[in-house]
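# Chain and residue survey
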Amino acid sequence: ISGTVPFIKSYFQLGNLELGWAVSSLILGAMLGNSMAGPLSDKISRKSTLIIMASMFILSALISALATDFTVFVLARILGGVGVGGAILIAPIYIAEIAPAEYRGRLVSFNQLNIVIGISLAYFSNYLLLDSGINNWRWMLGVETIPAVLYLFLLFFVPHSPRWLCL
């Protein structure tokens, strides 16, 4: 979102308080997603929960990129936050349950590294999209659909965790 701040401020004609809400609303969603993901994954499986979270990433990216109303924009950000909060909790649990013991720590650490790499790539993509026209902020937000669709697609090829299969 950081690359879009001056553009959404202008487009939605936001004051500082509203801009702060637009940026931070994802955190509210992340808290909700984090608190719901554990019980949800116990009921429907880690894999199914991650599929739902990936779907939320896609919807959030598309809705926030296409939003013409500030409330819709914030709701899309909250939805994305629910996905972030859920995935950030469940992905390491899934990895730890599925990975052989000798690779477990390495793979969970690699997951964290991938999060940092993803954040860095978002900054670079925002930079590359700066000169993409008057609605560049829409592209900056919408481009997240590419990794989200890839993530969703690949989730259909991973197995359920052994813990889920034992239940």
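Up top is the structure.
To keep things clear, this report deals only with the structure shown in the data block. These numbers were taken from a predicted model, which means no experiment stands behind them.

### Details of the overall build of the protein chain
Looking only at helices and strands, the protein chain features eight helices and zero strands. Its helices and strands in sequence order give the protein chain the pattern α-α-α-α-α-α-α-α, from N to C terminus. Computed over C-alpha atoms, the radius of gyration of the protein chain comes to 17 Å, within 12% of the 15 Å expected from 2.2 N^0.38 for 167 residues, which places it in the range of a compact globule. If you line up the protein chain on its principal axes, its C-alpha atoms span 55 × 30 × 25 Å. For the protein chain, the accessible surface area stands at approximately 9,500 Å², while carbon and sulfur atoms represent 73% of it. Each charge class in the protein chain was averaged separately, 9 positive and 7 negative side chains, and the resulting centres sit 7 Å apart.

### Quick look at the packing of helix H4 (residues 70-98) against helix H5 (residues 104-128)
At their nearest, the axes of H4 and H5 sit 9 Å apart, and the two run at 155° to each other. When the axis of H4 is compared with that of H5, the two are roughly antiparallel. In terms of crossing hand, the pair formed by H4 and H5 is right-handed. On H5, the residues touching Ile88, Ala91, Pro92, Ile95 and Ala96 of H4 are Arg104, Leu107, Val108, Asn111, Gln112 and Ile115. Residue composition of the contact of H4 with H5, grouped by class: eight nonpolar, two polar and one charged.

### A word on the packing of aromatic side chains
Two aromatic rings are characterised by how far apart their centres lie and by the angle between their planes. Taken as a whole and assessed by the stated rule, the structure comprises eight aromatic pairs. What links up through ring pairs into an aromatic cluster is the set Tyr11, Phe12, Phe70, Phe73 and Trp137. For the cation-ring pair, Arg138 lies above Tyr11, with the distance from its terminal atom to the ring centre recorded as 4.9 Å.

### Things to note about unusual backbone geometry
Although it is not a glycine, Gln13 sits at a positive phi angle of roughly 55°. Secondary-structure assignment places Gln13 in the loop between helix H1 (5-11) and helix H2 (16-44). For Gln13, a relative accessible area of 69% gives the class exposed. For Ser45, which is not a glycine, the phi torsion comes out positive at approximately 105°. Looking at the secondary structure, you find Ser45 in the loop between H2 and helix H3 (46-66).

Rules of the game
- Residues numbered from 1 in each chain as written.
- Predicted model: local features only at pLDDT ≥ 70, side-chain atom pairs only at ≥ 80, totals over all residues.
- Heavy atoms only, no water.
- Helix = DSSP H or I, 4+ residues; strand = E, 2+ residues; numbered from the N terminus.
- Rg over C-alpha atoms; globule rule 2.2 N^0.38 Å.
- Areas by Shrake-Rupley, 256 points an atom, 1.4 Å probe, with all protein chains shown as cover.
- Lys, Arg positive; Asp, Glu negative; His and termini not counted.
- Charge placed at Lys NZ, Arg CZ, Asp CG, Glu CD.
- Axes fitted to C-alpha atoms, helices over the stretch in contact; angles between N-to-C directions.
- Parallel < 35°, antiparallel > 145°, perpendicular 65-115°, else oblique.
- Left-handed = near helix turned anticlockwise from the far one by under 90°.
- Contact = heavy atoms within 4.5 Å.
- Nonpolar A, V, L, I, M, F, W, Y, C, P; charged D, E, K, R; others polar.
- Phe/Tyr/Trp six-rings, centres within 6.5 Å; stacked < 30°, edge-to-face > 60°.
- Lys NZ or Arg CZ within 6 Å of the ring centre and 35° of its normal.
- Buried < 20%, exposed > 50% of the residue type's maximum accessible area, 1.4 Å probe, protein only.

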